[in-house]
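Survey of secondary and tertiary structure
Next come the chains, spelled out residue by residue.
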Amino acid sequence: MKSKVVVIVGATGGIGSGVAQKLASSGANLVLAARDNNRLDALATQLSTTEIITVPTNITNPQEVETLMEKAAQHFGKIDILINAAGAGIFKQWNKIEPAELDIMLDLNLKGSFYTSQAAANIMKGQKSGHICNVIGILGKHSMAMGSIYCASKFGLVGMSKCMADELRRYGIKVTLFYFGGVNTSFWDHVSLKVDRSKMLSSETAADAIMFALNAELQAVPMEINIQPDSHLFF
């Protein structure tokens, strides 16, 4: 990973910050993106052993996403890796969901990841190389009661990612999808479902899986990685 340029979207979340720490230790150059500038700066201070820029970004805004990728490319001259780790969840009974809540899920989880993937791929295409890592979650592969709009956004992200992977491989761009079961991060602080977070995966487990994909030999394409806690398995 030494001297690789990695854009991490959702960098201040549990998975994003976990993988940022591992990438920094491996010598990667980091572009950290999230909405909260103060939290970005705090994270960057913890990772002072590598070259870092922070770019406050709302990924639901396509222009802000374009600015993010432009700043990354201008500062480092390239983008080797994009990690999409941003996301949120709304879990409600189907007949109690408001239109605005559906918009939130689609805007952030689906459209936001499309904007970042599209903008990064435009730069990677000219390099004839790159790697896009989309953190989907297991509910992009399996349905769950109360998860209709969350699953809609994640199933959509899977379809979008697979179509892009097929189009981008001619340019040497890899796409890896990560289906993690529940990961014990701040994601769950804002979810009304009753869950036992002590039985969830750790953010370090998720970060290790991402690092495994990134360190695969050049000709290997880790297309999908599925890791779930043994207490709650989907087959």
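Residues numbered from 1 in each chain as written. Predicted model: local features only at pLDDT ≥ 70, side-chain atom pairs only at ≥ 80, totals over all residues. Heavy atoms only, no water.

**Points about the packing of aromatic side chains**
Note on aromatic pairs: each is described by the distance of the centres and the angle between the planes. Per the counting criterion, the structure on display carries three aromatic pairs. Arranged with centres 4.9 Å apart and planes meeting at 45°, the rings of Phe 91 and Tyr 150 form a pair that is tilted. Here the residue Phe 91 occupies a position in the loop between β4 (81-84) and α4 (99-127), and Tyr 150 occupies one in helix α5 (residues 148-168), the gap between them amounting to 59 residues. With respect to class, Phe 91 is no different from Tyr 150; both count as buried. Residues Phe 178 and Phe 180 carry aromatic rings whose centres are separated by 5.7 Å and whose planes lie at 25° to one another, so their mutual orientation is stacked. The positively charged end of Lys 141 is found above the aromatic ring belonging to Tyr 179, 4.3 Å away from the centroid. (Phe/Tyr/Trp six-rings, centres within 6.5 Å; stacked < 30°, edge-to-face > 60°. Helix = DSSP H or I, 4+ residues; strand = E, 2+ residues; numbered from the N terminus. Buried < 20%, exposed > 50% of the residue type's maximum accessible area, 1.4 Å probe, protein only. Lys NZ or Arg CZ within 6 Å of the ring centre and 35° of its normal.)

**Comments concerning the nonpolar core**
One finds Val 7, Val 31, Leu 68, Met 69, Leu 82 and Ile 132 to be the most contacted residues of the largest nonpolar core, which totals 42 residues. In terms of residue count, the dominant contributor to this core is α5 (eight residues). Aside from chain neighbours lying at most four places away, what touches Ile 132 is Leu 82, Ser 117, Ala 121, Met 124, Leu 168, Ile 173, Lys 174, Val 175 and Thr 176. Ile 15, Leu 32, Ala 213 and Ile 225 belong to the second-largest nonpolar core, a separate cluster that totals 33 residues. (Core = buried A, V, L, I, M, F, W, Y, C linked by side-chain atoms within 4.5 Å. Contact = heavy atoms within 4.5 Å.)

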